[in-house]
Every structure is written in C-alpha cells, then in structure tokens.
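Chains, contacts and geometry: an overview
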Amino acid sequence: MFESPLKKNPYLQSIVENLPDTPGCYQYLNKEGTVIYVGKAKNLKRRVSQYFQKEQTGKTRVLVGQIADIRYVVVKSEEDALLLENKASVSPAQQALRR
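In this report, the structure presented in the accompanying data block is examined. Everything quoted here is computed from the prediction, not taken from an experiment.

**Comments concerning the nonpolar core**
Among the nonpolar cores identified, the biggest contains 18 residues, and Y26, Y28, V48, Y51, F52, I67 and I70 are the most heavily contacted of them. Taken together, the elements giving at least two residues each to this core come down to helix 1 (10–17), strand 1 (24–29), strand 2 (35–41), helix 2 (44–53) and helix 3 (58–66). The contact partners of V48, leaving out residues within four places of it in the chain, are V16, L19, Y26, Y28 and I70.

**Description of the side chain of N43**
Mapping N43 onto the fold places it in the loop between strand 2 and helix 2. Engagement of the side chain of N43 in a polar contact is seen with the backbone nitrogen of K45, the distance being 3.2 Å. Apart from residues lying up to four places away in sequence, N43 is in contact with P20, D21 and T22.

**Digging into the sheet that holds strand 3 (residues 69–74)**
Read across the open sheet, the three strands follow the order 2-1-3; overall the sheet is antiparallel. Edge strands, defined here as strands with exactly one partner in the open sheet, are strand 2 and strand 3. For this sheet the average axis-to-axis angle between neighbouring strands, irrespective of direction, equals 20 degrees. Of the strand pairs in this sheet, strand 1 and strand 2 are connected by six bridges, and their pairing is antiparallel. If you follow L29 over to strand 2, its bridge partner there is V35. Contacts from helix 2 reach strand 1, strand 2 and strand 3 within the one sheet, and its direction differs from that of strand 1 by about 30 degrees.

**Here's the deal with the packing of aromatic side chains**
Taken as a whole and assessed by the stated rule, the structure comprises six aromatic pairs. Taken together, a centroid distance of 5.8 Å and an interplanar angle of 25 degrees make the contact between Y28 and Y37 stacked. Pair check on accessibility: Y28 and Y37 agree, each one buried. Each residue in the set Y26, Y28, Y37 and Y51 is aromatic and connected to the rest through ring pairs, giving one cluster.

How each quantity is defined
- Residues numbered from 1 in each chain as written.
- Predicted model: local features only at pLDDT ≥ 70, side-chain atom pairs only at ≥ 80, totals over all residues.
- Heavy atoms only, no water.
- Core = buried A, V, L, I, M, F, W, Y, C linked by side-chain atoms within 4.5 Å.
- Buried < 20%, exposed > 50% of the residue type's maximum accessible area, 1.4 Å probe, protein only.
- Helix = DSSP H or I, 4+ residues; strand = E, 2+ residues; numbered from the N terminus.
- Contact = heavy atoms within 4.5 Å.
- Polar contact = N/O pair within 3.5 Å; in protein donor to acceptor, adjacent residues only side chain to side chain.
- Pairing = 2+ DSSP bridges.
- Axes fitted to C-alpha atoms, helices over the stretch in contact; angles between N-to-C directions.
- Phe/Tyr/Trp six-rings, centres within 6.5 Å; stacked < 30°, edge-to-face > 60°.

Written out as structure tokens, the structure is:
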C-alpha cells in the first residue's frame, strides 16, 4: 500500500497544502539547498501535489526522495510560467533528469 512521502515530512506537507490554485513556477530543492528540479503549472497546487499522490517509478521516485524544500512563484498566466521556468532552469545535466 502506498504512503505519501508527505506523511513523513510535515514541512513539505504544509507547503503543498498551502499552494495556491494559480499558474506559477516551482522549484524542488535538496537538503543542501540546491535546485534539483524546475517546473511550471497552470495550477500549482494540483501539479505539485501529483508528485506525492501516487507511487512514482524511475527518475521521478529518485527526485521525490530528494525533495527537502519547495519554492514557488505565482504568475498571471501559463505563458508567464513557461517564461519563468525557462529563466530558472537548472544545468543541462539536471534538465536531462526531467525527461
């Protein structure tokens, strides 16, 4: 039976529960404070929550296991989120993990 990683991390659970239902860009950080993933969303709450609602496989499972903090920026539109995501993107090696 799947148990969400949020159950073991009240700090992350609080962030995810309080995310707005608006467009934006989000960053996942590891315990060292390094950005390990940058994403965009039409709905921040729904998109970020998806990572923690079901058992993940492969690269996504590794990514979720490394998330220690979440930062986000609210924007006016999905297009603005895409532009911000491109500006905030991480190194090519880390981008490869996203695919």
